[in-house]
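So the chains spell out like this:
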Amino acid sequence: MSSHEQNFKIRNFIHGEWVEESDVEMVPLYNPSTGEQIGEVPLSSEKSSIESIDSAYSAYDSWRKLPLSKRMSYIFDLRQTIIDQEEDLAVAIAVDQAKHISEARGEIRRIIEIIETTCSVPTLLQGENLQGISANINGRVVKEPLGVFGGVSPFNFPALVFAWFVPFAIAVGNTFIYKPSTQSPLFMQKIGDIFNTIGLPKGVVNIIHGNRTIPGTWYENPKISGVCLVGSTPTAKKMAEACGRGGKRSMLLGGAKNILVAMEDLQPDVFIDNFIHSCFGSAGQRCLAGSIVAAVPEIYDSLLERMIEAGKGVVTGDALDPDVYMGPVISAAAKKKIEEYIEIGIKEGSNLVLDGRNPELPEKNKHGYFVAPTIFEGVTPCRTIAKEEIFGPVVSVMKIRDLDDVLEIIRAQPFGNGACIFTQNQYYTEKFISEANAGMVGVNVGVCAPHPYLPFGGIKDSHLGTNKVQGKDGIDFFVQNKIATIRVAPPTGHYSSAAAEKGVGAKEKAAVRSCVAS
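Residues numbered from 1 in each chain as written. Predicted model: local features only at pLDDT ≥ 70, side-chain atom pairs only at ≥ 80, totals over all residues. Heavy atoms only, no water.

## Topic: the overall build of the chain
When helices and strands are counted, the chain shows 18 helices and 23 strands. Based on the C-alpha atoms only, the size of the chain along its principal axes is roughly 90 × 60 × 40 Å. The buried share among the 518 residues of the chain stands at 55%. Taking as baseline every contact in the chain between residues at least 6 positions apart, the subset at least 24 positions apart corresponds to 73%. (Helix = DSSP H or I, 4+ residues; strand = E, 2+ residues; numbered from the N terminus. Buried < 20%, exposed > 50% of the residue type's maximum accessible area, 1.4 Å probe, protein only. Contact = heavy atoms within 4.5 Å.)

In structure tokens, the structure reads:
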């Protein structure tokens, strides 16, 4: 699939059918590697959004009543079909999202692992049972689906966010409405076809494209039970308020400002390999990208020299070029914003030691949206580039006194997504894990993303709502507990209570009346 051979007409997937909506605004879809327009995406109307809600709602009752084994067969088929189409799906991501093809393949591999975790739902969905609570009384906790959920995806991980939301939600018996980013919709166009290939019942998953008008129809609609988002913190906060007003369950992942801590006893080669992957992988456009490197004085100068050398060696170019390491950023607007942050860094007095603006590119990529690795040093925590999420391949290097110093910097950050330390010292390791005020921490890893069996999510301004994604949290968010209290009586309809067996008189029994069944 090459951009000059395609003109994608992005469509909605409602009730198992591809639908083109007429008379709505269309926004251009670009290949960020070339700057070429490769299609159009509809900003769907409120009417279409309501149709997707009605479709999911109408499908819910029969879907939740489907035997669990049958629902799981669709999940197994989804996994296998994605495996069969793995390369095609990766190329779709590399074309419109412009993550390098090697990373796009890695994203597809990760969603296969997440869906494999979803296949454990029959075990993880088991409730609880307590026998003999009182005379002839047992208790039971039953996990049930809630209904229809809506989910909003960012541009940077079109496949991963789908896998965080949709497989878990539908496996436990809910139905789903998914809104991809208008900047990277191609992956979900292929997933819609896969849903039809595996025979997923109509309405179980609907895909609709558009702007904030789409989730705007969810918050007050009684047919919607909950809302999920991966996006910016301002968007997450607005959605949290709207979900609160509408009484909707919410799982909202926001922004980040992640830090890599370099202690004096680190292994330099291990650090540099992880630094490149963390800070420049996905062109820095991910919620666990390293944005700050904090190094102690003993190694600051030597480590900075190696970081600059490594950054210069990162090959930037077309996302489909196998000889390239880092592709473009998502849009011309994103490129402009990143370059504005670079100017702010310079004006505020930080030292620009590696300038990634205007990198050398092949002719076909001259109009793409490229910013090469960029490094500032001598950055202090109060500067803008050290506080705000840049979402690009820009690294702020700061000198810290010691571990306590950097822990204070982490605590002062409004974000709390990820933090990593590089050390061989067990004391440093345990102190960092215990005191780093972030939802995810890493030791000698540059991207502290938990594997699919564990929850993923930050704290503070990086996470709003009730649960984190994936792992057991990924299931618990999409179910509610129903508690049953059951009095078991013999077939005659008579039973002897423990009190009666002990000969307690009527007067004594009346003196204490339990507030629960007894």
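## Quick look at the pattern of salt bridges
Think of it this way: side chains of opposite charge can pair up when their charged atoms draw near. For the coordinates displayed, the defined rule picks out 22 salt bridges. Salt-bridge contacts for Glu86 lead to Arg109; the nearest nitrogen and oxygen are separated by 3.4 Å. Residue Glu86 is located in helix H3 (residues 86-96), and its partner Arg109 is located in helix H4 (residues 101-118); the two are separated by 23 residues in the primary sequence. In this structure, Glu144 engages Lys482 in a salt bridge whose closest nitrogen and oxygen atoms are separated by 3.2 Å. With Glu144 in strand E7 (residues 137-145) and Lys482 in strand E23 (residues 479-487), the pair connects residues that are 338 residues apart, well separated along the chain. (Salt bridge = Lys/Arg side-chain N within 4 Å of Asp/Glu carboxyl O.)

## Overview of the state of the cysteines
A disulfide bridge is the covalent bond that connects two cysteines by way of their sulfur atoms. Under the definition given, this model contains zero disulfides. Lacking any disulfide linkage, Cys228 is separated from the closest cysteine sulfur, that of Cys243, by 9.1 Å. What makes Cys228 buried here is its relative accessible area of 0%. (Disulfide = S-S within 2.5 Å.)

## Things to note about the packing of helix H2 (residues 68-84) against H4
For the pair H2 and H4, interaxial distance at closest approach is 10 Å and the crossing angle is 165°. When the axis of H2 is compared with that of H4, the two are roughly antiparallel. When you trace H2 past H4, the crossing you get is left-handed. Residues Met72, Ile75, Leu78, Arg79, Ile82 and Ile83 of H2 form the contact with H4, whose own contacting residues are Ile108, Ile111, Ile112, Ile115, Glu116 and Thr118. Counted by class, the contact of H2 with H4 contains nine nonpolar, one polar and two charged residues. (Axes fitted to C-alpha atoms, helices over the stretch in contact; angles between N-to-C directions. Parallel < 35°, antiparallel > 145°, perpendicular 65-115°, else oblique. Left-handed = near helix turned anticlockwise from the far one by under 90°. Nonpolar A, V, L, I, M, F, W, Y, C, P; charged D, E, K, R; others polar.)

## Concerning the sheet that holds strand E1 (residues 8-9)
A sheet is described by the order of its strands in space; here three strands give the open sequence E1-E5-E4, paired in mixed fashion. The outermost strands of the open sheet, each flanked by one partner alone, are E1 and strand E4 (26-31). Taken together, the six bridges between E4 and strand E5 (residues 36-42) define a ladder with antiparallel strand orientation. Bridge pairing links Tyr30 to Gln37 in E5. Across the sheet, H3 lies against E4 and E5, angled at about 105° from E4, the strand it touches most. (Pairing = 2+ DSSP bridges.)

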